[in-house]
There are 2 protein chains.
Amino acid sequence: MALLQVVLVVSYLTVMWIPRTWAAQSVKVPGEQAAEQSHRQDSADLLVFIALLTLTILTIWLFKHRRFRFIHETGLAMIYGLLMGVILRYGLTQTPPAPRVLYNCSLVNGSESLLVNVSGRYFEYKLQGEVENLHDPGRSEALQKVTFDPEVFFNILLPPIIFYAGYSLKRRHFFRNLGSILAYAFLGTTVSCFVTGSVFYGFVCLARAVGALNENFHFTDCLFFGAIISATDPVTVLAIFNELRVDVDLYALLFGESVLNDAIAITLASSIAAYSPSMQNTFDTAAVFNCIGRFLVILSGSFAMGAVTGIMTAFTKLHDFPLLETALFFLLSWSTFLLAEACALTGIVAVLFCGITQAHYTYNNLSAESRDRTKQLFELLNFLAENFIFSYMGLALFTFQKHIFNPIIIIGALLAILVGRASNIYPLSFFLNLGRRNKISFNFQHMMMFAGLRGAVAFALAIRDTETEAQQAIFSTTLLLVFFTVWVMGGGTTPMLSWLHIRDGVSRTKNESAWLFRMWYIFDHNYLKPLLTHAGPPLTSTLPHCCEPLARCLTSLQAYEVRN
Amino acid sequence: MALLQVVLVVSYLTVMWIPRTWAAQSVKVPGEQAAEQSHRQDSADLLVFIALLTLTILTIWLFKHRRFRFIHETGLAMIYGLLMGVILRYGLTQTPPAPRVLYNCSLVNGSESLLVNVSGRYFEYKLQGEVENLHDPGRSEALQKVTFDPEVFFNILLPPIIFYAGYSLKRRHFFRNLGSILAYAFLGTTVSCFVTGSVFYGFVCLARAVGALNENFHFTDCLFFGAIISATDPVTVLAIFNELRVDVDLYALLFGESVLNDAIAITLASSIAAYSPSMQNTFDTAAVFNCIGRFLVILSGSFAMGAVTGIMTAFTKLHDFPLLETALFFLLSWSTFLLAEACALTGIVAVLFCGITQAHYTYNNLSAESRDRTKQLFELLNFLAENFIFSYMGLALFTFQKHIFNPIIIIGALLAILVGRASNIYPLSFFLNLGRRNKISFNFQHMMMFAGLRGAVAFALAIRDTETEAQQAIFSTTLLLVFFTVWVMGGGTTPMLSWLHIRDGVSRTKNESAWLFRMWYIFDHNYLKPLLTHAGPPLTSTLPHCCEPLARCLTSLQAYEVRN
């Protein structure tokens, strides 16, 4: 049976290729038929990715079934993507593009669209999507087609991943280590961004001095690189932690940090990209403060929006109808993203905080079936999006048209992220240990240093804008760093864990004494939880006597029942 | 608590409007900022639909909670869509559009894209999306924005609905009535298409004679209308059937017919649209046979592709890992759609047969958790897509730019669909009853006649192409017919059921004696089920002795276990 299964799947995957080859070879036709042709081509291209994901899933299953553990599914997806990229790049015959005729017209100032009369039919065009490589006739159309709009990654594939991360934060251990996690995420990521950026700039200067790089690579580009590469994604590491039941505090620290530092890195990157001094590429105090203000506004605005929506959903309780409940949950979470984007904030950051709030409050109000449904739905979306991004990364290494691989830059970037990560973890851990009773041991610090993998967020941020040469070099470098960290550091997690003797699997004593945790816990337990969920004591017993009418009005019947 | 909930939801929905108003009023800017502006506007527009769906879900919940049953959720979604359409149409201030300058250039023959030099930057445009109403300066941009690309309905929203319909066919009763269902779906729908088209053409001629219509409304347009309006969608009726536990055979007949006739209607519509006689708008025997051939090829090709993929998935058994299993199931189902589209067949039809096959075979091979997961996932997608389409229909009545409402055409169409439906149900039932032991009573026939609601498929087919005036009139008419049937006939289901005395709720005696059913059952039970699932007797006991080696190789261990 198993052999039959393999034969069938392979033959089906082969069949998926037929329309692609067919579409690529058929003659181009104008007008309506061209639209249909393009639709068929799109379908054929999507099939390539579905074939990739199918292969990945089947291999993961085989690995899990046989208990192989030396490579994670994301690493696997990347390998298959790489192979597919090689096939697309070197295996397809390059068809010469159709002859191109250039029309000239001057742009009316302020107009954002162009109206053109083509042989008596009128077309209107938005002035977006400028053509690069205008005079490069050898560019293969087939390669161009499998390149997605970069915004797809940021607006469609990343939100479910980030939301799921927020939604699956292990709440208890997360809040117990809240102070340290916030320190690593906020302070640590900022430090890492600037240290990485500065070290990287040193190598850029070196490359420029030896003539391996032209002049258009500025300090802001290096800082931007520092920001995007500071978003860690230890998905491989955490998967292994989960299987081996590694220390829960270390898990909470790593997971919490990696989830929150995405928010900081995304906000930092968009603030740095918006840095526009009065003189090009000079230091401008006003612009710097503008950047810092922007950073704070976006971060706090997105946080507030996510938290408010999360709390909103806590109030909408549609018991007995799990389908409606799940649909509402899904729509409200999505609306957080859209609302933040529409208000020029960062949707991904809002979605992250929305997920955290919902895991903490709304989840308690859902019926048992809705809990399962939402968990499973977002788990599936996360799985598909993550594997899609990683297999696309593999593909992009060979099919992306504008790679700039510069050895000095790449080695410099690797050193820079190591220095940046070290300057995040070690000094901060030292200061945190001064205040923590439950110290973060050196072995834990080494493990956190080692677990600084880069993944989907760094990639999505890097591919978002690849117009200048500096951005292209940053994109290529980021891609290589993701490959390196996922394969080398991800693959080395199990040996590293045994080498550092972190495999106890036993939860520590409940040493919940950090002052930040205690303050938060009391406030949350006495006021927020009773208000937003049915858990905890009724508000009537926690609020002072003067507020009793208000407390009575806000306490639900179920809360009393839980009490009794 | 309930009051608080309502206040919060309403305030949140209000907040969703702010970015929309804000975005509409802010100053237009060129270049990169315009792209960001447009992204924000898109987010704000999507928020309108999310707000609509949220409102619908909350109202449905309220209705279900209070056991109201006089309106179905799809009818509700349409009402909210209508209200939103009125607000968008009459409530928004009309901003005068930016001045438009027209550039002229002659099209190089055979070229499918246009390259333009705008002030030194190069843009490439596909020659699609022609501008209509070029000289209509009063057209509101806000209205234009909430109009989606029609292909979205056909390629994104319809597939999950159709797949879910196939996946949730009640298998036992479906196969028991297979012969009748196939007759209604194949013969009935074709008859309905031609009768409706002919009657409708009579009214078109009448309208032309009294001068209420110009000349460009041909018989092929009428046939096209007959095809799209023959796709019935008794979702409202079936929801009520489900709640009242109406006779299972009637349920199976109605549901089976409505699921399968979508396939016929879609294929008919695309074949008629492709009718291109050598002389414009004349009868051309060769072109007619071309059409018929196309119909048969598309239908059988899509059927084969769907069935083959469905059987494929039956072989891929990834037990113990429900996430992987669900993901694979989802990807393979989607790939059916894409594969059919890439091969110039009809993806929706393929997905339908894929769903039916999967419900019959693959479903038995899934682990218990994966069964729940896939059911719930597709249930959610179906729910969201269906409500989105119905609320969009409400919206489109007021925001669509090119409505042509012609009273003679509309009344004619209403009569035509009644005559068409009657000529499908009554003669066929008469002939079927000659062969059936378990007769279809007159009351059942009246109920089937009455349950001929029109919905998402008719709408998606009608909106797909609205270039000519005839197509615009057909679109407007279809929209009104959907409204009429959903509200009047959908709302009248419960009274109709009691009037016709169809409320027994008792399943009939198992009278499984139709010869088609028996033949199918034996073949399926003895050969297909043992091969594709673990159910049924092992192949070793059903195949003749000469095939024993083959049978042994194809029978899984579990099948023997089930046997023992």
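Preceding this paragraph is the structure being described.
Every residue gets a number counted from 1 within its own chain, in the order that chain's sequence is written. Chains carry letters and ligands carry numbers; both start at the beginning, A for chains and 1 for ligands, and go up in the order they are written. Only residues with pLDDT of 70 or above have their local features reported here, since the model is predicted, and side-chain atom pairs are shown and tallied only from 80 upward, although totals for entire chains, interfaces and linings are computed over all residues. As a convention, hydrogens and water are excluded, and side-chain values are obtained from all of the structure's heavy atoms.

Participant: Where do I start with the overall build of chain A in this structure?
Facilitator: Counting from the N terminus, the helices are the DSSP runs of H or I reaching at least four residues and the strands are the DSSP runs of E reaching at least two. Helix and strand content of chain A: 23 helices and three strands. Residue exposure (1.4 Å probe, protein chains only): buried if accessible area is under 20% of the type maximum, exposed if over 50%, otherwise partly exposed. Counting every position in chain A, which comprises 564 residues, the buried fraction comes to 55%. For chain A, restricting intrachain contacts to residue pairs at least 6 apart in sequence, the fraction spanning at least 24 positions comes to 78%. In short, Shrake-Rupley with a 1.4 Å probe defines the accessible areas, and a residue's cover is counted only from the protein chains shown. If you sum the accessible surface of chain A, you get close to 23,900 Å²; carbon and sulfur atoms cover 64% of it. The contact definition used throughout considers only heavy atoms, calling two residues in contact when any of these lie within 4.5 Å.

Participant: I tried to follow the packing of helix H11 (residues 285-315) of chain B against helix H12 (residues 322-342) of chain B on my own but got confused; where do I start?
Facilitator: Two quantities define a packed helix pair, namely the angle between the helix axes and the distance between the axes. Residues and elements named next belong to chain B. Angular values range over 0 to 180 degrees, each being the angle between N-to-C directions of two axes fitted as lines to C-alpha atoms, with helices fitted over their stretch in contact. Relative orientation of the contacting elements H11 and H12 amounts to 155°, with a least axis distance of 10 Å. As judged from the angle between their axes, H11 and H12 are roughly antiparallel. The two elements H11 and H12 meet at a crossing, and its hand is right-handed. Counting all contacts with H11, which are made through Met 305, Gly 306, Thr 309 and Thr 313, the residues of H12 involved are Leu 332, Ser 335, Thr 336, Leu 339 and Ala 340. For classification purposes, an angle smaller than 35 degrees is called roughly parallel, one larger than 145 roughly antiparallel, one from 65 to 115 roughly perpendicular, and anything else oblique. Left-handed describes a crossing whose near helix is turned anticlockwise from the far helix through less than a right angle; right-handed describes the clockwise counterpart.

Participant: Is there a simple way to think about unusual backbone geometry in this case?
Facilitator: Residues apart from glycine generally show negative phi values, whereas peptide bonds are mostly found in trans. A positive phi angle, near 65°, is found at Ala344(A), a position not held by glycine. On the accessibility criterion, Ala344(A) (34% relative accessible area) is partly exposed.

Participant: Would you mind showing me how to read a nonpolar patch on the surface here?
Facilitator: Residues and elements named next belong to chain A. Here, patches come from residues exposed beyond 30% relative accessible area and free of salt bridges, joined within 9 Å for like charges and within 5 Å for nonpolar side chains (Val, Leu, Ile, Met, Phe, Trp, Tyr). Salt bridge, as used here, is a side-chain nitrogen of Lys or Arg placed within 4 Å of a carboxyl oxygen of Asp or Glu. On the surface, a cluster of nonpolar side chains totalling about 420 Å² of accessible area is made up of Ile 79, Leu 83, Phe 484, Trp 487 and Val 488. Looking at the nonpolar patch, the elements with two or more residues in it are helix H3 (73-91) and helix H18 (469-491). For the nonpolar patch, the element with the most residues is H18, which contributes three residues. With respect to the secondary-structure elements, Val 488 resides in helix H18. Judged by relative accessible area, which is 47%, Val 488 ranks as partly exposed.

Participant: What's the story with helix H3 (residues 73-91) of chain B in this structure? I'm lost.
Facilitator: Structural remark: α-helix, 3.6 residues per turn; residues separated by three or four positions point the same way. To estimate how far a helix should extend, the number of its residues minus one is multiplied by 1.5 Å. Its 19 residues place the ends of H3(B) 26 Å apart at the C-alpha level, agreeing with the 27 Å of an ideal helix rising 1.5 Å per residue. Along H3(B), the residues that are buried comprise Glu73(B), Thr74(B), Gly75(B), Leu76(B), Ala77(B), Met78(B), Tyr80(B), Gly81(B), Leu82(B), Met84(B), Gly85(B) and Leu88(B).

Participant: In this structure, what is going on with the state of the cysteines? I would like to understand it.
Facilitator: Simply put, disulfide is the name for a covalent bond between the sulfur atoms of two cysteines. All names here are of chain B. Pairs of cysteine sulfur atoms within 2.5 Å are what we label disulfides. Applying the stated criterion across every chain yields a total of zero disulfides over all chains. Unpaired in terms of disulfides, Cys 205 finds its nearest cysteine sulfur in Cys 222, a separation of 7.4 Å. We note that Cys 343 lacks a disulfide partner, and the nearest cysteine sulfur, in Cys 354, lies 14 Å from it.

Participant: What is the right way to look at the packing of aromatic side chains in this model?
Facilitator: Any aromatic ring pair is given by two values, namely how distant the centres are and how the planes are angled relative to each other. By convention, a stacked pair of Phe, Tyr or Trp rings (six-membered ring in the case of Trp) has centres within 6.5 Å and planes under 30 degrees apart, an edge-to-face pair has planes over 60 apart, and any other such pair is tilted. Across all of its chains, the model carries 50 aromatic pairs over all chains by this definition. Plain terms: the ring middles of Tyr167(A) and Tyr363(A) are 5.9 Å apart, the flat faces sit at 80° to each other, and that makes the pair edge-to-face. Placement of the pair is Tyr167(A) in helix H5 (residues 150-167) and Tyr363(A) in helix H13 (residues 347-365), with a sequence separation of 196 residues. Given a relative accessible area of 2%, Tyr167(A) falls into the buried group. Note on Phe163(B) and Tyr167(B): the rings are 5.6 Å apart at their centroids and 15° apart in plane angle, and the pair reads as stacked. One end of the pair, Phe163(B), and the other, Tyr167(B), are both in helix H5 (residues 150-167), four residues apart, so they sit about a helical turn from each other. Relative accessible area serves as the criterion here: at 3%, Phe163(B) is assigned to the buried category. Chaining the aromatic ring pairs together yields one cluster made of Phe49(A), Phe153(A), Phe388(A), Tyr392(A), Phe400(A), Phe459(A) and Phe475(A). Arg371(B) extends its terminal NZ or CZ atom over the ring of Tyr363(B), reaching a point 5.2 Å from the ring centre. Our definition puts a charge over a ring when NZ of Lys or CZ of Arg is within 6 Å of the ring centre and also within 35 degrees of the ring normal. Sitting over the face of the ring of Phe154(B), Arg464(B) holds its NZ or CZ atom 3.7 Å from the ring centroid.

Participant: Sorry, what's going on with the environment of Asp320(B) here?
Facilitator: As for its position among the elements, Asp320(B) is in the loop between H11 and H12. For the pair Asp320(B) and Phe194(B), spaced 126 residues apart in the sequence, the C-alpha separation amounts to 51 Å.

Participant: Can you help me understand empty space enclosed by the protein in this one?
Facilitator: To find the voids left in a structure, one rolls a probe of water-molecule size over its atoms. Residues are said to line a cavity or pocket when one of their atoms sits within 4 Å of a point; the points come from a 1 Å grid over protein atoms alone, cavities being sets where a 1.4 Å probe fits but cannot get out and pockets being open sets with protein on both sides within 12 Å along at least five of seven lines. Grid points are joined across faces, edges and corners, and a volume is the space filled by probe spheres set on the points. Tallied over the full model, the rule gives 10 cavities of 30 Å³ or more. Taken together, Thr326(A), Arg373(A), Gln376(A), Leu377(A), Leu380(A), Thr326(B), Arg373(B), Gln376(B), Leu377(B) and Leu380(B) form the lining of the largest cavity. Secondary structure elements with two or more residues in the lining of the largest cavity: helix H14 (368-399) of chain A together with helix H14 (368-399) of chain B.

Participant: Looking at this model, I keep getting lost on the environment of Ile181(A). Mind explaining?
Facilitator: Residue and element names in this part refer to chain A. Secondary-structure assignment places Ile 181 in helix H7 (residues 178-209). Relative accessible area serves as the criterion here: at 0%, Ile 181 is assigned to the buried category. Separated by 77 residues in sequence, Ile 181 and Ser 258 have C-alpha atoms that sit 9.0 Å apart. Ignoring anything within four residues of it in the chain, the contact list for Ile 181 reads Phe 174, Ala 252, Leu 253, Gly 256, Glu 257 and Leu 260.

Participant: Is there a simple way to explain the side chain of Glu325(B) in this structure?
Facilitator: Residue and element names in this part refer to chain B. Along the chain, Glu 325 falls in helix H12. Counted charges follow a simple rule, with Lys and Arg positive, Asp and Glu negative, and His plus the chain ends left uncounted. In this structure Glu 325 is buried but unpaired, with Arg 373 as the nearest side chain of opposite charge at 8.4 Å. Setting aside anything within four residues of it in sequence, one finds Glu 325 in contact with Lys 317, Leu 318, His 319, Asn 365, Leu 366, Ser 367 and Ser 370.

Participant: In this structure, what is going on with the side chain of Thr267(B)? I would like to understand it.
Facilitator: Structurally, the position occupied by Thr267(B) is in helix H10 (residues 248-273). Thr267(B) has contacts with Phe295(B), Ile298(B), Leu299(B) and Val349(B), leaving out every residue within four places of it along the chain.

Participant: What is the right way to read the environment of Leu352(A) from this model?
Facilitator: All names here are of chain A. Structurally, the position occupied by Leu 352 is in helix H13. Put simply, Leu 352 and Gly 166 are 186 residues apart on the chain and 5.2 Å apart in space, counted from C-alpha to C-alpha. If sequence neighbours within four positions are ignored, Leu 352 has contacts with Ile 162, Gly 166, Val 259, Leu 260 and Ala 263.

Participant: Could you clarify how one ought to interpret the packing of H5(A) against helix H17 (residues 456-463) of chain A in this entry?
Facilitator: All names here are of chain A. For the pair H5 and H17, interaxial distance at closest approach is 9 Å and the crossing angle is 160°. Regarding the angle of H5 to H17, the classification is roughly antiparallel. Handedness of the crossing formed by H5 with H17: left-handed. In contact with Pro 150, Phe 153, Phe 154, Leu 158, Ile 161 and Ile 162 of H5, H17 contributes Ala 456, Val 457, Phe 459, Ala 460, Leu 461 and Ile 463. Charged residues are taken to be Asp, Glu, Lys and Arg, nonpolar residues to be Ala, Val, Leu, Ile, Met, Phe, Trp, Tyr, Cys and Pro, and polar residues to be all remaining types, Gly included. Taken together, the residues of the contact of H5 with H17 break down into 12 nonpolar, no polar and no charged.

Participant: Please clarify how the pattern of salt bridges should be interpreted in this entry.
Facilitator: Two side chains carrying opposite charge are able to pair once their charged atoms lie near each other. The tally for this structure, following the rule as stated, stands at seven salt bridges over all chains. Here Arg421(A) ties to Glu257(A) by a salt bridge, and the two come within 3.0 Å at their closest N and O atoms. Note that Arg421(A) is positioned in helix H15 (residues 407-435) and Glu257(A) in helix H10 (residues 248-273), a separation of 164 residues in sequence. Looking at Glu257(A), the relative accessible area reads 1%, which means it is buried. With its nearest N and O atoms 3.2 Å apart, the salt bridge here joins Glu151(B) to Arg464(B). Here Glu151(B), found in helix H5, pairs with Arg464(B), found in the loop between helix H17 (456-463) and helix H18 (469-491); they are 313 residues apart in sequence, far enough to count as distant. Given a relative accessible area of 31%, Arg464(B) falls into the partly exposed group. The network of salt bridges with shared partners includes Glu369(A), Arg373(A) and Glu379(B).

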